[in-house]
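# Architecture at a glance
As a plain string of letters, each chain reads:
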Amino acid sequence: NDFKGKPNASSPYEALTESVVTIEIKTKGNEATIIIGNYFDKNMSWTKDTKSVILLGHEQTHFNISELWTRKFRQKLNGKTFEIKSFQKELNTMHADIYKESKAMQAEYDKETEHSVNETAQQKWNKKITNELQKLSAFSSEEVSCKLLK
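Residues numbered from 1 in each chain as written. Predicted model: local features only at pLDDT ≥ 70, side-chain atom pairs only at ≥ 80, totals over all residues. Heavy atoms only, no water.

This paragraph deals with the pattern of salt bridges. What the rule picks out here adds up to seven salt bridges. Residues Glu-31 and Lys-147 are paired through a salt bridge, measuring 2.5 Å at the closest nitrogen-oxygen approach. In this pair, Glu-31 is assigned in strand β3 (residues 31–40) and Lys-147 in strand β6 (residues 143–149), connecting sequence segments 116 residues apart. The exposure class assigned to Glu-31 is partly exposed, which follows from its relative accessible area of 30%. Residue classification places Lys-147 among the partly exposed positions, given a relative accessible area of 38%. Close ionic contact of Arg-71 with Glu-67 constitutes a salt bridge, the shortest N to O distance being 2.9 Å. One end of the pair, Arg-71, and the other, Glu-67, are both in helix α1 (residues 53–77), four residues apart, so they sit about a helical turn from each other. (Salt bridge = Lys/Arg side-chain N within 4 Å of Asp/Glu carboxyl O. Helix = DSSP H or I, 4+ residues; strand = E, 2+ residues; numbered from the N terminus. Buried < 20%, exposed > 50% of the residue type's maximum accessible area, 1.4 Å probe, protein only.)

As structure tokens, this is what we get:
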């Protein structure tokens, strides 16, 4: 069981998946390497039912949605040119926008699947996210390169 967090007894939900996106920047001259990771936070994630395959599959798709938006972020950054003076601000804005879109998709996913109760919708979402991840497989590596202008 990867869910090490304490279940929220007052929550109406059966589980919570918490993923963390990390960003590390390495610069050398006019090149920037941005390392963007997406990790499952075992200590913040919890489930009230560790045996339900349907529930655990639903939570896996939550993580996959987070990975999808992490790849979209990498795609937007890959090969982009930034002015060095506005680099951090632009990066922060792009990250905030991606985070907002990811959260909106997570909410839409839970609404349409009724938190895993609607099996037809669940299967549709599983397929949709798997297909989207495959389309962005070129961005599965954590590292992307950018140019910096002085």
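Right, let's get into the packing of α1 against helix α2 (residues 87–113). Closest axis-to-axis distance for the α1/α2 pair is 10 Å, and the angle between their directions is 150°. Judged by the inter-axis angle, α1 sits roughly antiparallel to α2. The two elements α1 and α2 cross, and the hand of that crossing is right-handed. Taken together, the residues of α2 that come into contact with α1 (itself represented by Gly-57, His-58, Thr-61, His-62, Ile-65, Ser-66, Leu-68, Trp-69, Lys-72, Phe-73, Lys-76 and Leu-77) are Leu-91, Met-94, His-95, Ile-98, Glu-101, Ser-102, Met-105, Gln-106, Tyr-109, Asp-110 and Thr-113. Here the contact of α1 with α2 is built from residues that sort into ten nonpolar, nine polar and four charged. (Axes fitted to C-alpha atoms, helices over the stretch in contact; angles between N-to-C directions. Parallel < 35°, antiparallel > 145°, perpendicular 65-115°, else oblique. Left-handed = near helix turned anticlockwise from the far one by under 90°. Contact = heavy atoms within 4.5 Å. Nonpolar A, V, L, I, M, F, W, Y, C, P; charged D, E, K, R; others polar.)

Taken together, four strands build an open sheet; the order of strands is β2-β3-β6-β5 and the sheet is mixed. Of all the strands in the sheet, just β2 (19–28) and β5 (81–83) have a single pairing partner and so form its edges. Between one strand and the next, the sheet's axes are offset by a mean angle of 30°, whatever the strand orientation. Summarising the sheet, β2 and β3 pair through ten bridges and their orientation is antiparallel. Looking across to β3, one finds that Lys-28 is bridged to Glu-31. (Pairing = 2+ DSSP bridges.)

As far as function goes, none of this settles anything; it's purely spatial.
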